[in-house]
Amino acid sequence: MARTPLVAGNWKMSKTATEGAALARELRERLGSLDRVEVAVCPPFPALPAVGTALRGSGIALGAQDVHWEKEGAFTGAVSAGMLLDLGCRFVILGHSERRQHFGETDAAVQRKVRAALAVRLIPIVCVGETLTERDGGETLAVVARQVRAALEGLTGADLSRLVLAYEPVWAIGTGRTATPAQAQEIHGAIRRLVGQQGDGSATQILYGGSVKAENAAALLRESDIDGALVGGASLVAEQFARIVEAARPG
Ligand code: 13P
C-alpha cells in the first residue's frame with residue numbers, strides 16, 4: 001500500500017513566537033508547493049499562533065508537542081485538545097521519550113491522551129522506543145510492543161487510520177547516532193504487525209526519529225515500513241529540514 005510520507009519537525013523547547021514565525025516563513029519559501037509528501041512543524045505552545053499564521057495557505061501543517069486528556073477544568077499549566085484544534089493544529093506529538101523521562105509520563109497517560117486527541121480529530125503522533133540499556137538487554141521488541149499496545153488499546157479500525165506512530169530509539173535522540181536502516185526497518189515492521197493485530201495497519205504512517213539529518217534521511221526512508229521522519233535538531237534549520245523533505249518525496 002502506498003503511504004504518503006510525512007516529515008514532522010519537533011522543535012522541542014526551542015524558538016520564541018517571533019523566532020518561530022521567522023523559521024516558518026523561511027521554510028515555506030524553501031519548500032514551495034508540496035506534493036507527494038506531508039510536512040508538519042510542532043513548535044512549543046506559545047509559538048503556535050504566530051507559526052500558524054505564518055504557515056497559513058502553505059500546506060505545511062501545524063502540530064503541538066503534548067496535550068492533556070481532560071477537556072477542561074482545574075489542571076494548572078495544562079492545554080486541552082480542543083484548544084490546540086482551535087489554534088489550527090492538525091497533529092499532536094504524544095508520549096515522546098523526553099516526556100516519559102523528565103515528566104513521568106506513563107503508558108496509561110499516553111493512552112488517555114491518544115483518545116483525547118482522536119475525540120476532536122487531532123492526529124496523534126505517538127512516540128515509542130527503547131533506551132540503550134533496554135536494547136543492550138535484548139528488550140527492544142518487548143518495550144516497543146508494550147508501548148504500542150498501551151497507546152492503541154480500545155481504538156477502532158477507523159481510529160488506527162487517523163493515527164501516526166513514531167519509532168524513536170532513545171539512544172539515537174540528539175546523539176548523532178542513528179539506527180541503521182536495517183535496525184529501524186526491523187522495528188517498524190514489528191510495529192506494523194502489532195497495529196495489524198488490531199485492524200488494518202497498512203495505511204498507518206510509521207515515522208523514524210533519532211538524529212535524522214539530510215545526509216541519512218534517504219537511506220532510512222527507502223525502507224518499506226519507514227513512512228517518514230520525526231526530526232528534532234535538524235528541523236530548526238530551514239535548509240536542513242527542506243533537504244529532509246526532499247529526501248522523503250517519492251522519486
Ligand atoms: P533529534 O533529531 O535531535 O535526534 O531528535 C529526535 C526527536 O526526538 C524528534 O522527536
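Preceding this section is the structure that the text describes.
Notes on the structure in this doc start here. In this numbering scheme, every chain counts its residues from 1 along its sequence in written order. Note on the predicted model: pLDDT of at least 70 is required for a residue's local features to be given, and 80 or more for side-chain atom pairs to be given and counted; whole-chain, interface and lining totals, by contrast, use all residues. Side-chain numbers here rest on the full set of heavy atoms in the structure, without hydrogens or water.

Let's shift gears to the overall build of the protein. By the criteria applied, helices consist of DSSP H or I runs no shorter than four residues and strands consist of E runs no shorter than two, each listed in order from the N terminus. Helix and strand counts for the protein come out as 11 helices and 8 strands. In terms of C-alpha radius of gyration, the protein reaches 17 Å, essentially the compact-globule figure of 18 Å for 251 residues. Dimensions of the protein, computed from C-alpha atoms along their principal axes, come out at roughly 45 × 45 × 35 Å. Put simply, the protein has 251 residues, and 53% of those count as buried. Throughout, the Shrake-Rupley method with a 1.4 Å probe supplies accessible areas, and for residues the shown protein chains are the sole cover considered. In the structure as shown, the protein presents an accessible area of about 11000 Å², 52% of it carried by carbon and sulfur atoms. By the counting rule applied here, Lys and Arg register as positive and Asp and Glu as negative, while His and the ends of each chain are not counted. Positions of charges follow a simple convention, taking NZ of Lys, CZ of Arg, CG of Asp or CD of Glu. In the protein, 27 positive and 27 negative side-chain charges are present, and the distance between their average locations comes to 3 Å. Atoms counted for the radius of gyration: C-alpha only. Globule rule: 2.2 Å times the number of residues to the power 0.38. Whether a residue is buried, partly exposed or exposed follows from its accessible area with a 1.4 Å probe, protein chains only, as a fraction of its type maximum: under 20%, in between, or over 50%, in that order.

Taking strand neighbours around the barrel as the criterion, the 8 strands line up as E1-E2-E3-E4-E5-E6-E7-E8 in a closed arrangement whose pairing is parallel. For this sheet, the mean angle separating the axes of adjacent strands, direction not counted, is 25°. Should DSSP find at least two bridges between two strands, the strands are regarded as paired. Of the strand pairs in this sheet, strand E2 (residues 38-42) and strand E3 (residues 61-64) are connected by 2 bridges, and their pairing is parallel. Its bridge partner being in E3, Val 41 is matched across the sheet by Leu 62. Contacts are assigned to residue pairs with any non-hydrogen atoms lying within 4.5 Å of each other. Throughout, an axis means a line fitted to C-alpha atoms (over the contacting stretch in the case of helices), and angles, computed between N-to-C directions, take values from 0 to 180 degrees. Here helix H5 (residues 107-119) sits on the sheet in contact with strand E4 (89-94) and strand E5 (123-128), set at roughly 160° to E5.

Residue placement: Asp 225 occurs in the loop between helix H10 (214-221) and strand E8 (228-231). On the basis of relative accessible area, Asp 225 is assigned to the buried category, the value being 14%. Separated by 2.8 Å, the side chains of Asp 225 and Gln 185 make a polar contact. If near-sequence neighbours (up to four positions away) are discounted, Asp 225 is found in contact with Arg 3, Gln 185, His 188, Gly 189, Arg 192 and Ile 206. A 3.5 Å cut-off defines polar contacts: any pair of N or O atoms within that distance qualifies, except that in protein one atom must be a possible hydrogen donor and the other a possible acceptor, and neighbouring residues in sequence count only when both atoms are side-chain atoms.

Right, let's get into H10. Residues lying three or four places apart along an α-helix face the same way, a consequence of the helix completing one turn every 3.6 residues. Turning to H10, its buried residues number three or more, namely Ala 214, Asn 216, Ala 217, Leu 220 and Leu 221. Along the long axis of H10, the arc covered by the buried residues comes to 155°, so they all point the same way. On the buried face of H10, the contacting elements are helix H9 (181-196), strand E7 (206-209), E8 and helix H11 (238-248). Note: the arc covers the axis-to-C-beta directions of the helix.

Right, let's talk about the packing of aromatic side chains for a bit. Whether two aromatic rings pair depends on their centres lying within 6.5 Å, for rings of Phe, Tyr and Trp, where Trp uses its six-membered ring; planes under 30 degrees apart make the pair stacked, over 60 edge-to-face, and the rest tilted. This structure, assessed with the given rule, holds 1 aromatic pair. Whether a charge sits over a ring comes down to the Lys NZ or Arg CZ being within 6 Å of the ring centre and within 35 degrees of the ring normal. Above the face of the Phe 103 ring, Arg 99 is positioned so that its terminal group lies 4.1 Å from the ring centre.

A few words now on the packing of helix H1 (residues 17-31) against helix H2 (residues 48-55). Between H1 and H2, the shortest axis-to-axis distance is 8 Å and the interhelical angle comes to 20°. Between H1 and H2, the crossing angle belongs to the class labelled roughly parallel. Considering only the axes of H1 and H2, their crossing is right-handed. Between H1 and H2, the contacting residues are Ala 17, Gly 20, Ala 21, Ala 24, Arg 25 and Arg 28 on the first element and Ala 50, Val 51, Ala 54 and Leu 55 on the second. For this classification, Asp, Glu, Lys and Arg are treated as charged, while Ala, Val, Leu, Ile, Met, Phe, Trp, Tyr, Cys and Pro are nonpolar and the rest, including Gly, are polar. Broken down by class, the residue content of the contact of H1 with H2 amounts to 7 nonpolar, 1 polar and 2 charged. Reported orientations rely on four angle classes, namely roughly parallel under 35 degrees, roughly antiparallel over 145, roughly perpendicular from 65 to 115, and oblique for the rest. Two helices crossing with the near one rotated counterclockwise from the far one by less than a right angle form a left-handed crossing, whereas a clockwise rotation gives a right-handed crossing.

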